[in-house]
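Observations on chain architecture
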Amino acid sequence: MTNVKKILFTAIGSLSFVLFHNGLPAQAKPTRSITEPVDLKVAQAKTAKANDFYKQAEKQLPQDYYVLYRVIERLARANGLDSRPWRVYISPKYDINAFATQVNLLAFYSGLLEMVHGDTDAIACVAGHEMAHHVQNHIALGEAERQKILQQKRTEAIQQVAAEEQDLRDDLLRINAGSWVTGQAGSLGNLIPGSRGIPGLVGAIVGSVLQGQRQQRLQNAAKQIEQIAAEKEAKVRKEWSDLSHRQEFEADKLGYQYAVRAGFKPEGCLTLMNVLNRLPGSQTPGETHPAPSDRIAALKALASQYPTATLVAEGRRNLSTSPKPLTYDLSRDQVSLRINSKSAQSSFPE
């Protein structure tokens, strides 16, 4: 791993910010009963080996990656999430955001990391939130999948109206309604190909060869189709938004628990939300995220539902069963850091 730092710098480029690791929790000691004998020399030796490993990591990794490695590595062990490898990527884009994507990839924008500069409690809350999205399989539909669903809703609207009579179906074929469904030139199924993309179905009728009453009937049908399609689209978008909001609240809750179990202060999550709450336009709910004020209220309620002392005790028990630091390496994609699972720890010295 001697070349990890060099490779990361080369692959990702010079990064414009520095994160400090002040406040990282110390290696937790295994929990024991008061009657169980403790060999202090052995415990101290194991702690010393772990500290040596972390010092080596600090030398090898760029400092921002080192901080995220320490935070995520501890979150994984303290919450029993160390049976899978985690991947970390820092985007140089100055945006105040982070996201979970692909398989176990945690991505952080430089703008967000700067806003919580030096606050490992807040960083732990960000990382825990994104880890929770992966654990709960919250990965959102991609834009291509969303467009395919919306196109299907438009097709359903055409079929619903065109089912009334054969002449209307023929006229819709004539104006290439499929171009309206896809939003581009081309046809859907057996619809007539070759027409240019049209912004609306009604617009396709203007200049058509249809005349008089027949054209008026088709215009009325087209308006009905667009209305039905708009209602279907609004319904499915609301379903997506409601689901996304529920998932964000769930990730907030689990991320809070993950961070506190790992020994980070619960106030870090409130620090993070207060940062988001200061962003322009963030005071109202968005399509994918609830308003930060609502998330802050939910986080404050978690303190009574999940007492800090209870979570910390659970985390210490988990750490005692997984005491070795998780190793790391450059991912095969050559741009992210891989934090290995505990099953890959055979090279770590006893």
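The structure under discussion appears in the preceding block.
Residues numbered from 1 in each chain as written. Predicted model: local features only at pLDDT ≥ 70, side-chain atom pairs only at ≥ 80, totals over all residues. Heavy atoms only, no water.

Attention now goes to the pattern of salt bridges. Within the structure shown, the criterion is met by 12 salt bridges. Put simply, Glu-73 and Arg-77 hold a salt bridge, and the shortest N to O gap is 2.7 Å. Residue Glu-73 and its partner Arg-77 are both found in helix H3 (residues 63-78); the two are separated by four residues, about one turn of the helix. The exposure class of Glu-73 is buried, given its relative accessible area of 1%. (Salt bridge = Lys/Arg side-chain N within 4 Å of Asp/Glu carboxyl O. Helix = DSSP H or I, 4+ residues; strand = E, 2+ residues; numbered from the N terminus. Buried < 20%, exposed > 50% of the residue type's maximum accessible area, 1.4 Å probe, protein only.)

Moving on, we come to the pairing of strand E3 (residues 105-109). Counted residue by residue, E3 has five buried out of five residues, so it is predominantly covered. Pairing of strand E1 (residues 86-91) with E3, which is carried by five bridges, proceeds in the parallel orientation. Paired with Val-88 across the two strands is Leu-106, which belongs to E3. Relative to E3, strand E2 (residues 98-101) runs antiparallel, the two sharing four bridges. Within E3, the residue paired with Thr-101 across the bridge is Leu-105. Here E2 folds back onto E3 in antiparallel fashion, the turn holding three residues, of which Gln-102 has a positive phi close to 50°. (Pairing = 2+ DSSP bridges.)

At a minimum axis distance of 10 Å, the contact between H3 and helix H5 (residues 120-135) shows a crossing angle of 60°. Here H3 is positioned oblique relative to H5, judged by the angle of their axes. Two packed elements cross with a definite hand, and for H3 against H5 that hand is right-handed. In contact with Val-67, Leu-68, Val-71, Ile-72, Leu-75 and Ala-76 of H3, H5 contributes Thr-120, Ile-123, Ala-124, Ala-127, Gly-128 and Met-131. (Axes fitted to C-alpha atoms, helices over the stretch in contact; angles between N-to-C directions. Parallel < 35°, antiparallel > 145°, perpendicular 65-115°, else oblique. Left-handed = near helix turned anticlockwise from the far one by under 90°. Contact = heavy atoms within 4.5 Å.)

Another aspect to go through is unusual backbone geometry. Its identity is not glycine, yet Gln-102 carries a phi of approximately 50°, on the positive side. Backbone geometry places Asn-104, a non-glycine residue, at a positive phi of 60°. Examined against the element boundaries, Asn-104 turns out to sit in the loop between E2 and E3. The exposure class of Asn-104 is buried, given its relative accessible area of 10%.

Reading across the sheet, the five strands line up as E2-E3-E1-E5-E4 and stay open at both edges, with mixed pairing between neighbours. Every other strand in the sheet has two partners, leaving E2 and strand E4 (328-330) as the edge strands with one partner each. The sheet shows a mean angle of 25° between the axes of neighbouring strands, taken without regard to direction. Sitting on the sheet, H5 is in contact with E1, E2 and E3, with an inclination near 25° to E2.

Before going further, it helps to examine the nonpolar core. Counting residues in hydrophobic clusters, the biggest one holds 54 residues, and the most contacted among them are Tyr-69, Ile-72, Leu-75, Phe-108 and Met-131. For this core, the leading source of residues is H3, giving 10 residues. Phe-108 has contacts with Leu-68, Ile-72, Val-88, Tyr-89, Ile-90, Ser-91, Asn-97, Ala-98, Leu-113, Val-126 and Ala-127, leaving out every residue within four places of it along the chain. Within the second largest apolar cluster, seven residues are counted, among which are Ala-157, Ile-158, Ile-225 and Ala-229. (Core = buried A, V, L, I, M, F, W, Y, C linked by side-chain atoms within 4.5 Å.)

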